[in-house]
Every structure is written in C-alpha cells, then in structure tokens.
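# Architecture and fold: a report
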Amino acid sequence: MKFSYNWLAEHIDGLTVPPAEIGKLITMKTAECEGVEAHGAHFEHVVVARVLTAEPIPGTHLSVTSVDTGRYGVKQVVCGAPNCRAGMLTAYVPPGQLGVTTAKLRGVDSDGMLASAKELGISAEDEGIIEFAAGEPGAAMAGCTADTIVEIDNKSLTHRPDLWGHHGMAREVAAIAGRPLKPIAAELPAGAPAVEIEIRDAKLCPRFSALRFENVTVQPSPLWLQQRLESVGLNPINNIVDVTNYLMAELAQPMHAYDAAKLQGGRIIVRVAEEGELCPALNGQTYTLDAGNLVIADAGGPVGIAGVIGGGPSAIGEGTTTILLEAANFHAASIRRTSTKLKLRTDASMRFEKSQDPENTVRALARAKWLLEQVSPGIRLVGGLADDYHPLPAVAPIEFDLVWMRRKLGKPDLTAAEVTAILRSLAFGVAETEGRFTVTVPSWRATKDVSLKDDLVEEVGRMIGYGNLTPAPPLVPSVVPPLPPERSYLRGLRQLLTAQGYTEVYNYSFVNEAQAAELGLPLEDHVRVVNPIAQGQELLRTSLLPNIKRNINDNAREFESFRCFEIGKEIHARGRELPEEIPHLAAVSFDKHGDGAANLFELKRLAGTIAPGCTVEPAEARGYEHPNRAAIVILRNEAIGRLFEFHPAMVETGRAAVLDLDLTKVQALRTAAGKYKPLRRFPTSAFDVTVPVAERELAGNVLARLREGAGELALDIRYLYDYKGDSGRSMSFRITLGAADRTLTGEEVTAVRSQVMSWMGL
Amino acid sequence: MIETQLSELAAATAARIAAAATAEELEVIRVEVLGRKGRLAEVSKDMGKLSPEQRGAVGKQLNAAKQTLEAALTARKTAFDEAALRARLDREWLDLTAPAAGPGLGSLHPLTQIQAEIEDLFVSLGFTVLDGPEVETEFNNFDALNIPPDHPARDMQDTFWLSNGHLLRTHTSPVQVRGMKKLGPPLRMIAPGRVFRNEEVDASHEHTFYQLEGMMVDKDVSVAHLIYFMKTLLSAIFKRDVTVRLRPGYFPFVEPGFELDIQCLICQGAGCPVCKQSGWVELLPCGLVHPNVLRLGGIDPEEYSGFAFGLGLTRLVMMRYAIDDIRQLQGGDLRFLTQF
Ligand SMILES: [Zn+2]
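Residues numbered from 1 in each chain as written. Chains lettered and ligands numbered in written order. Predicted model: local features only at pLDDT ≥ 70, side-chain atom pairs only at ≥ 80, totals over all residues. Heavy atoms only, no water.

What follows concerns the overall build of chain B. Regarding its fold elements, chain B presents 11 helices and 9 strands. Taken over C-alpha atoms, the radius of gyration comes to 43 Å for chain B, far larger than the 20 Å a tight globule of 340 residues would show. Principal-axis analysis of the C-alpha atoms gives chain B an extent of 130 × 50 × 45 Å. Summed over its atoms, the accessible surface of chain B is roughly 15300 Å², and 54% of this surface lies on carbon and sulfur atoms. For chain B, the centre of its 35 positive side-chain charges and the centre of its 44 negative side-chain charges are spaced 11 Å apart. (Helix = DSSP H or I, 4+ residues; strand = E, 2+ residues; numbered from the N terminus. Rg over C-alpha atoms; globule rule 2.2 N^0.38 Å. Areas by Shrake-Rupley, 256 points an atom, 1.4 Å probe, with all protein chains shown as cover. Lys, Arg positive; Asp, Glu negative; His and termini not counted. Charge placed at Lys NZ, Arg CZ, Asp CG, Glu CD.)

Glancing now at the overall build of chain A. Summing up its helical and strand segments, chain A has 18 helices and 36 strands in all. Taking the principal axes of its C-alpha atoms as reference, chain A extends roughly 130 × 85 × 55 Å. Out of the 762 residues belonging to chain A, those deemed buried represent 51%. With the model as given, the accessible surface of chain A reaches about 34200 Å², and the carbon-plus-sulfur share is 52%. Counting 79 positive and 93 negative side-chain charges, chain A places the centres of these two groups 6 Å from one another. (Buried < 20%, exposed > 50% of the residue type's maximum accessible area, 1.4 Å probe, protein only.)

When its domains are assigned, chain A resolves into domain 1 (2-40 + 147-177), domain 2 (41-114), domain 3 (196-389), domain 4 (398-468), domain 5 (485-669) and domain 6 (685-759). Inter-centroid distance (C-alpha atoms) of domain 2 of chain A to domain 5 of chain A is 73 Å. (Domains from an automatic or database assignment.)

All names here are of chain A. Pairing within the open sheet is antiparallel, and its 5 strands lie in the order E5-E4-E3-E6-E9. Two strands bound the open sheet, and with one partner strand each, they are strand E5 (74-79) and strand E9 (113-114). Pairing of strand E3 (residues 47-56) with strand E4 (residues 63-68), which is carried by 6 bridges, proceeds in the antiparallel orientation. Bridge assignment links Pro-56 to a residue of E4, and that residue is Ser-63. (Pairing = 2+ DSSP bridges.)

Looking now at the interface of chain A and chain B. Contacts between the two partners involve 83 residues from chain A, matched on the other side by 92 residues from chain B. Carbon and sulfur atoms make up 57% of the surface buried where chain A meets chain B, a total of about 7500 Å² over both sides. The tally of links from chain A across to chain B stands at 8 salt bridges. With its nearest N and O atoms 2.9 Å apart, the salt bridge here joins Glu-119 of chain B to Arg-487 of chain A. Counting across the interface, chain A meets chain B through 36 residue pairs in polar contact (both at pLDDT 80 or more). Looking at the side of chain A that touches chain B, its residues break down into 38 nonpolar, 17 polar and 28 charged. (Contact = heavy atoms within 4.5 Å. Buried area = accessible area lost by both parts, 1.4 Å probe. Salt bridge = Lys/Arg side-chain N within 4 Å of Asp/Glu carboxyl O. Polar contact = N/O pair within 3.5 Å; in protein donor to acceptor, adjacent residues only side chain to side chain. Nonpolar A, V, L, I, M, F, W, Y, C, P; charged D, E, K, R; others polar.)

Turning our attention to the coordination of the zinc ion. At 2.3 Å from the zinc ion lie its protein donor atoms, namely Cys-264 of chain B (SG), Cys-267 of chain B (SG), Cys-272 of chain B (SG) and Cys-275 of chain B (SG). Around the zinc ion sit 4 donor atoms, and with donor-metal-donor angles ranging over 104 to 114° the site reads as tetrahedral. (Donors = N, O, S within 2.8 Å, 3.2 Å for Na, K, Ca; no water. Tetrahedral: all angles 85-135°; square planar, octahedral: opposite > 155°, others 65-115°.)

What follows covers the layout of surface pockets. Residues and elements named next belong to chain A. Empty space within the second largest pocket amounts to approximately 1400 Å³. If you go around the second largest pocket, you meet 35 residues; those closest to its centre are Phe-601, Lys-604, Pro-618, Leu-698 and Ala-699. Counting residues per element, the lining of the second largest pocket draws most heavily on helix H17 (residues 699-710), which supplies 6 residues. Residues of the lining of the second largest pocket, tallied by class, amount to 19 nonpolar, 4 polar and 12 charged. Split by domain, the residues of the lining of the second largest pocket number at least three in each of domain 5 (485-669) and domain 6 (685-759). (1 Å grid on protein atoms, 1.4 Å probe; cavity = no way out; pocket = protein on both sides within 12 Å on 5 of 7 lines; lining within 4 Å. Points joined across faces, edges and corners; volume = space filled by probe spheres on them.)

In this section: the sheet that holds strand E1 (residues 128-129) of chain B. Taken in spatial order, the 7 strands line up as E1-E4-E5-E9-E8-E7-E6 (chain B) in an open sheet, and their pairing is mixed. Looking at strand neighbours, the two that pair on one side only are E1 and strand E6 (244-248) of chain B, the edges of this open sheet. Lying on the sheet, helix H11 (residues 453-464) of chain A is in contact with E6 and strand E7 (254-263) of chain B; it crosses E7 of chain B at an angle near 35°. (Axes fitted to C-alpha atoms, helices over the stretch in contact; angles between N-to-C directions.)

Here we come to a negative patch on the surface. All names here are of chain A. On the surface, Glu-119, Glu-125, Asp-126 and Glu-127 cluster together into a patch of negative charge. Along the chain, the position of Glu-119 falls in the loop between E9 and strand E10 (147-152). Here Glu-119 falls in the partly exposed class, since its relative accessible area comes to 41%. (Patch = residues over 30% accessible without salt bridge, like charges linked within 9 Å, V, L, I, M, F, W, Y side chains within 5 Å.)

Bringing the domain arrangement of chain B into the picture now. Here chain B is described as being made up of domain 1 (2-90) and domain 2 (110-337). Distance between the C-alpha centres of domain 1 of chain B and domain 2 of chain B: 90 Å.

Here we come to unusual backbone geometry. The omega angle of the peptide bond from Pro-185 of chain B to Pro-186 of chain B is -10°, so this bond is cis rather than trans. In this structure, Pro-186 of chain B sits in the loop between helix H7 (174-183) and strand E4 (187-196). Residues Glu-255 of chain B and Pro-256 of chain B are joined by a peptide bond in cis, for which omega reads -5°. Note that Pro-256 of chain B resides in strand E7. Even without being glycine, Asn-215 of chain A reaches a positive phi, approximately 60°. A positive phi angle, near 50°, is found at Lys-276 of chain B, a position not held by glycine. Take Lys-276 of chain B: it is sitting in the loop between E7 and strand E8 (280-289).

Predicted confidence across chain B gives a mean pLDDT of 91, with 100% of residues reaching 70 or more. For this predicted complex, the interface score ipTM comes out at 0.86, while the overall pTM is 0.85. (pLDDT = per-residue confidence, 0-100.)

This brings us to the nonpolar core. Grouped together as the largest cluster of nonpolar side chains are 95 residues, with contacts concentrated most on Ile-552 of chain A together with Leu-234 and Leu-260 of chain B. Top contributing element to this core by residue count: helix H8 (residues 223-238) of chain B, with 9 residues. The contact partners of Leu-260 of chain B, leaving out residues within four places of it in the chain, are Met-230, Leu-234, Val-244, Arg-245, Leu-246, Val-281, Glu-282, Leu-283, Leu-284 and Cys-286 of chain B. (Core = buried A, V, L, I, M, F, W, Y, C linked by side-chain atoms within 4.5 Å.)

Our focus in this paragraph is the pattern of salt bridges. For the structure on display, the rule yields 66 salt bridges over all chains. Salt-bridge contacts for Arg-327 of chain B lead to Asp-325 of chain B; the nearest nitrogen and oxygen are separated by 2.9 Å. Since its relative accessible area comes to 18%, Asp-325 of chain B is described here as buried. Salt bridges linked by common partners bring Arg-160, Asp-162, Glu-172, Arg-445, Asp-449, Glu-459 and Arg-462 of chain A together as one network.

Bringing H17 of chain A into the picture now. Residue and element names in this part refer to chain A. Between the first and last C-alpha of H17 there are 16 Å, a value that for 12 residues agrees with the 16 Å anticipated at 1.5 Å per step. If you check which residues of H17 are buried, you get Val-702, Leu-703, Leu-706, Gly-709 and Ala-710. The buried residues of H17 occupy one face: seen down the axis, they fall within an arc of 130°. For H17, the secondary structure elements touched by its buried residues are strand E34 (685-693), strand E35 (714-725), strand E36 (728-737) and helix H18 (746-759). Within two residues after H17, Gly-711 carries a phi angle of roughly 80°, on the positive side. (Expected span 1.5 Å × (residues − 1). Arc of directions from axis to C-beta.)

Below, the discussion takes up the packing of helix H10 (residues 416-425) of chain A against H11 of chain A. Residues and elements named next belong to chain A. Axis separation between H10 and H11 bottoms out at 10 Å; the angle between their running directions is 100°. Classified by the angle their axes make, H10 and H11 are roughly perpendicular. Residues Val-419, Ile-422 and Leu-423 of H10 pack against Leu-456, Glu-459, Val-460, Met-463 and Ile-464 of H11. Within the contact of H10 with H11, the residues separate by chemical class into 7 nonpolar, no polar and 1 charged. (Parallel < 35°, antiparallel > 145°, perpendicular 65-115°, else oblique.)

Mapped onto the fold, Ser-349 of chain A is located in helix H7 (residues 347-352). Not counting residues within four places of it along the chain, the set of residues in contact with Ser-349 of chain A comprises Gly-307, Val-308, Ile-335, Ser-339 and Leu-344 of chain A.

If you want it as structure tokens, here you go:
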C-alpha cells in the first residue's frame, strides 16, 4: 500500500517530521516500510505553455511547434502528438526534467518536450499531450506538487483495517510525532432516504449506506485529484469513480457509484447469490455465482458482487446524470471466500477481508458529498441518507493493571501517565485509577484487531519503542532438558556414515506418478498433493528410493564412483488420519566399473555397523532390483530393510548398491550392552573343515548347518574362503572349540571333528 | 701333533668363515666345525689319548679356537643379518604420495551441520529438542496458532493441501502446540525441521526449506527477556557480538509480534548493498505467545507467559556459506555437497 506524504500531512496539525524520516518511524512503530520515493519532483519545473504555431514536418507524423512557456521564453519543440495544434494550452517539460534533453529530431532542433498526462505522472492518459482549459504560460500545473511516496508492506497491515487508508495511517504518524490528528467532518443533511435498502443477512452485511445524487456531470477529475490517485497507484477514470477511489484510499472505505438510471425498482437488496446466478462485472467479465457469494441486487438481479466488484451495466458512463453512491460493510471471511473462489482480488476485497469498520460508511458518504460538489459542479443530493445498520456486538472494555503491563514488557519504571498518553494518542478511551486501567477500543480497531489486554501491550510497547526496554536475562529453573533419544541416535548415525565415506544428500518429500510407477510403489499408499504448482509434486514419497535413483543417475555423469546417503521420512497414507512418517536411511555405493560385488559387501558391512548382529537373507527381487542381488536385512528375527543392486535398466551407467533401512525398527531392536562375560581362562583348539557345495549354495546356509552339527563346544565358526575348481565348488571354515572350566583334550577335539564330518556327510 | 692339527683347522675355518657368502654357508661351517659332532668335538674326543699335561694345553687351545671361531661366526652372521635387513628395508621403499585406498571422509549436509550446532547451543541453555510430523492437521498448523479459516494471514503462507484433508506444515510452529501439550509449563523447547510452501522455485525461492521454532514459557516472561535472549543466542550463532532491534510485526500466534533485525554484519550498520543501505537485516519473527495459543496448549495465560521465535535455518546456511542458489541445497549434487 502506497501512502502520499502530502496526503498524510493534510490530516495532521503541524507535522514537522521530514519526508525522509517518515518511513523509518513507521517501520519502527507501526508497520514495515518497503521504500520511500520522491514523486513528481518535476512538478516544480514543468509549466503551462501555449502552442503558438504548429507546422507538420513533411514525411513524418511530427510537427515543429513554437511554444510560449512563460518562465523559459519561447521555445521550438518537436511534437508527435495527434492533438498538437496552435492555440492550445499544454504542459512544457524543460530539458533536464523527466529525462528530456535538447535534441535534433529528423534534423529539427527540439528544446524540451510537450508531454502527455502519462508522461507527467498524472494519469494513464497517453493519447496525446495534456490539454488545459485555462491557465497562464509559465505557471505551475494547478494541484500538481512534489511529494514523497511511502510504500508499506501489505502483509504487515493484515491485522489493521484502519491502515488501508491515509487517515488511519495519519493517526499513527500523528501519535508517533506527538501532533494532533485533524478530525473529519461527517455531517449529512437530514432527509427521506432516496432508496430502500434490504439486508437479508446482517451477519454477512452489517451495514449498507447510500446517497443519491442528480445533475451529475461525468468528466475528467481536476489535475490535483488525478495526480494524487496516480501517486498512490490508482488509475484516474472519471470524476465520479475517482471520488470513490479517493475515499477508499483516504478512509479505507471501499465505495461504489451506480448509474441510478440503470437500476431497476426503488430497492437495493443485499443477499446471497442463487446457485448459478450470473453477474456481469465492470471489468467486462461475467461471473457465475453460488450461495457462498453475496450480491447487491436490484429488481432485475445482481448489480454487483458485494465487496469485490461492481456490475457492468450500471457502471458510470459519459451519459450518467444520476448516481447512487454505496458505502457498505461486509463480513470479512465471506468476501475473502468469494474473492478467492472467483480469483478476483480487488482494492475493495483486499480491504474488506481485513474486517472494516461499519461506523465508517456514513463518514465516507459525507466526505464524498463534499468532494463531489467540488468535482461535479451543480451536483445535487436527492433526499437524505439511506442506511440499514445492524451494529456488531460491542467489544467489552479491556481491563488491566499497570503492574501486569510492566511485567509483560519488562519495563519496571513504566508509569500510568505514559500508558494513558500513548493509548489516548491512538484514540483509545482510557480510565485509570491507581494503576487499574479500563480501556475502550475505537470502532476501527474493534472489528478484529484489539480485544485483549495483550493487544494493548503491543500498542504501549511499540510507542515506547522496544529499543527503550532494558534487555534482562530470563529467570528460569536450571534443569537438564529431557532429550529425545532419536536425536542423538540420528546424529551418531550421520557421523558414522560420513566416517565411512558417505556424503549426505537432502531430497524433496515429493515424487511424481511416473517415479512411483517406475519403482512399482502402489499409488494408493501415497498421500496426494491437491494443489501442486509444479510438476513432480503430485505425491508424497513412500520411499526414499525414487529420488535416490535420480541422485545416482545425476552424479554418475560427474563421478566414476561415489558414496552418498539420505536420512528422510517415508510418508505412508492412512486414510483420513495423519499419515505414518517413518525415518529411513538410504545409502548408496556406486561404481562405474567393476562387478558390483564389492559395493554390495561394503554396504553389508555398513549394515552390520549400524545394526550390529543383523543378518542378510536373499529375497525375491523387486522390479527395480537386480534379480540375483537382492536381500532383506534382518535383526532379531525382524526385517529392518533391504540390500540390493539397482537393476541395470534403472542405472545403466554402472553398479549402484543400495542399503535401505527402517530406522524406527533399527532403533527399537537395538540391544544395549548387558552384564559383562568373564574372560576365557582355558586355551581353545581349532580345526578347519572344507565342505563341497553346490554351485549356488549359500554360505549362510552352510554355516547354519555347521552350527547345528558342531555342538556346544564350538565357540566360533568362521568362513575362510570359497574355492571353485575342476571338481566343483567348496567352502572352508575354521571351527574353534573350548570349554569354560577346562582345557579340552585331544580326544574331545577329535570327537567333535568326527561328529561335524559325519553331520555334514563328509 | 694334535696342536698343529688344531691350529690348522682353526686357521682354515677362520678363512672359510671370512669367505662365506651367505648365512646358510655359515651354518654349514658351524655344524661341520662347532657342531655336536663337528671337527672340534672330534678333537676333544681324541684328547682322552693325551697326557694330562698335554690335555691341559690342548684344552686351552681348543677353548680358545672355539671362542675365536664362534665370535667370528657371530660377527659374520650379524653382518649378514644387517645386510639382509638393509636390503629388505631398501626393497620396501614406498611412495607415500600415492593415494590411499578406500573411501575418504564423507560430508554432512550443511543444513545438518548448522542444525546440530544450533541445537547444541539451545541444549546448553536448557532447551529440549522436539520433532513434529511433516504432514500436519489444518488445526495444528493454523487454527491452534490463532489463524482461523478465512483469516487473511493464511495468504501469507501458500499451502500444499493433501488428499487426506491435511496439509504439509507451512512452518515449524505447530510443534509449539505439540510441545506445550507434551511438556507442560514451565518449558523451553526448540523444534527444527522441514517446512513447505507452495511456491515456484528459483534461485532464491524454495518450496521446501528448514526452520527452527523456539519457545520459552514460564512465569513473567517479558519482551525485555526476549530481547536479551535473542541477542545472546544470535551472538553465539554468529560468533560475535550482535546488535538487535525489535519492531512491530504481525503474526497471529504472538501478541505483541515482532520482526527482529540484526545490525548488518557486513557494514556494521553504516549501510551497504546487503542491507539495502539501511544498516539492518531482517532476521526472524518473534513475539510473546498469544494467550489463545497458550490456552490451546493447555496453559493458563493468566499464570504463564512466554516467547516464541522462528529461525530460518536455510537462510542461515546461505548466509554462512554465501550460497547464491537455494536449489543446490536439495539438488543432490555431490560436487556441491562434498564441499562442506
Ligand atoms: Zn550493510
């Protein structure tokens, strides 16, 4: 929202804060200022000028003119405007202003420029140079003065309906500067309402006020009004519409003017739309409405979408001679829903959705009458105010005591007089006895913004200035914080992984349908994003693997080999309940060359360091896994994850081994160290066994069989090596025997050995 | 006679020892001459035939020869051993500039690093660290934070809505609600984590980023406490004394709400392009916890008050490492990630 310094200053008695300072003051005390810009500095130099002669330059659309500029003398200026002609009064811009230089155009000297309203920053009008009805060459353009524009971040005004107009902001600046705010007169002559108003739902529309005028002349606004609207980013249209926009920018009260001759019947109805009802709007669009939208209707149907946009057919046009001027108040949430649904955010809807003050409507109409009489000479009010008002429930006075306010701010020396002065400067009503405050809230702060004593802490705090509080250490109990074990677990895990050479990646929580389908992840297991704005965001990931696969293929373009990991959450749908979020580890060891076995065994070893005691069992491969290189990882009889190599169709450039572990399970199944076992006191004996095995026998199976057959004296059975020769494949193992209470005799060792040999059929 | 034999043997053996080329040859000589059945043993056997006088003289001579030869053998053997060791050591020349086998050290993601560092700071100040789900209820993400449906503040946070009726959390603030219910007052907690905004991605905008929510609830927590605390904390994070200021900011879950600025660390407040000549950099939103939020967390606002703040971890990482493209943080490019 843009604020004009000049406009603010008109509302404050004796403002002396210089324009350059005002943005900073507003930032520190009220709302964030995004920028302060000089506006219309050229108005000091641009003059009214009379075109004395205008001769076309052959073969061009240009004319060479001789111009009486008063102050700067008679100048030769080349002009391309179609309306440029001898005798007219227009604006002359001397060289050095608005980027104008002394130049030669088509070989003709041009000293300065004749300018359009757009070039002058007065309006959007650019169909020719500006034309004045009256004026003296050399005079400044009436009503055009240099200004400073302060831009305030709209987000920081979300809670302040009153700051969407200059008068409200002027109240803040007046309070900050310690100057009085000038009141706005709201007097209207009494008279019978010139229109009947029927509000069907007072919750959605607490107030609808209107005035009717006749003998209206629709014409361009005077320059001062056009320029002022332009300076705060509103386009001047015609005098009637400009008055409504001016008051919206001044009092934060959106208004609408109807061509009264085009309204049917003598009654305005505020009601919810019928299902499928159409409303042609003044932006040329026709909107299809439903019962969630509020409309302003006459006997013929909707003439406007309440609080959002006026209707097209009843818009003000050149032939308009009577108008109905609306200033109403609507329920914020309803306006916001309509504006969101129609994807139509207007200056009006933006204000109404902040909960505007219903008290404001009549004040705006009174001010509009005063302004219309200036810009539409001869205009006459017909009858009196039409006003249907259903006041909002009053905000109860807020009570607090000084001690509480001091404690909240942390300012023990805060006085009752300071609090009273600050609140009064912001138009709160204050009654105080012995530190007990009773505060009444002005109507424009009472719609939503201020209702609690905590809200007043902010009012007092910001006006004192937070920089004037003395920082103090909080007094809190010294306790050891309870720390969830997962955090230290995950931190240790990450350190283990980097120590083993793995680099951490972060991937998005999103996957797209193609990614899920490629890995055969069931769609129904996914939570779906209803409103993705970009591709690739349709689903929440139920596996880290789709994005890990992408990491592999991306990095394979840059590296011969690499190791990486991600710790992230799988998100599994559970109907309407919050989904299950399971932390997973996905670790990758990739090599462009080699047979991939080393990568898989490296990850198997990694699994053993993360989940000590885990075993790996071959599993039926999933579609994306190498059909003969897929296994489940098991810890204490429970599957905790998978170890596999990506199918070559998934990763074509090399071998990518992956370990995917469910970290919730790993943590749950971990065992803490128990009581220690006394160290062995008697020596052990060992012997080796070589077992002929089938081509694809699993070492794990042979080992398990040996364990079964070796008996209780076997302390350890270790795989030594695998041998493939002409006579087939064999595996060798070393079996270590021992007893806790004695040294085994040679006979005992031989007995175990024969027992093992016969058990294995050797 | 025997004396002559002995001295000839001793001389010949000494010559052979001197001429031996290997330790093995020495061993052969030792066995042949000094062994249990060697030549010297034979001589000593023959001594029985000698007279006692002769026996004494020959015995002396025998011992002397034995000692001399043994010494010569040992010396020669030592020389061979030393030479062998020297040769081995020489052979074992190694090029230690060649690369080490096996993986080097991996890297932790910069966000992990900064998060751990900040968590440790908070833990040292008595804060507990909580985690919350990425998918949240609309109630926890908005309503419980004093942002009812159709509140314009919902526009500030473009939301990913989900098919299950829930949403991806737009901030870590919902963990405030979970934390209050879990811990009860008084409490100190932080909640770092991943948050989502439905935005187009470019070099400075991401739909996925990291925040750290912090909250302290106790009796009589004031704005002055908040200022002190943030200054202490930020000085620790930036590892230098920082100057902070509070100005009004609107966030429905705090009242009063603030934007906290720090004096620009580049220009010390003089004004530079980084701070847009203002001397200040907007860093984080904070405020006193709104009484409605306390109440929804099961805490009586008449008895307790608190402050809360939200620290942008992604932003801190980008500031610290001068990262100019936010997309790199979740791009999975190891050329980027191995730098940290
Ligand atoms: Zn700076």
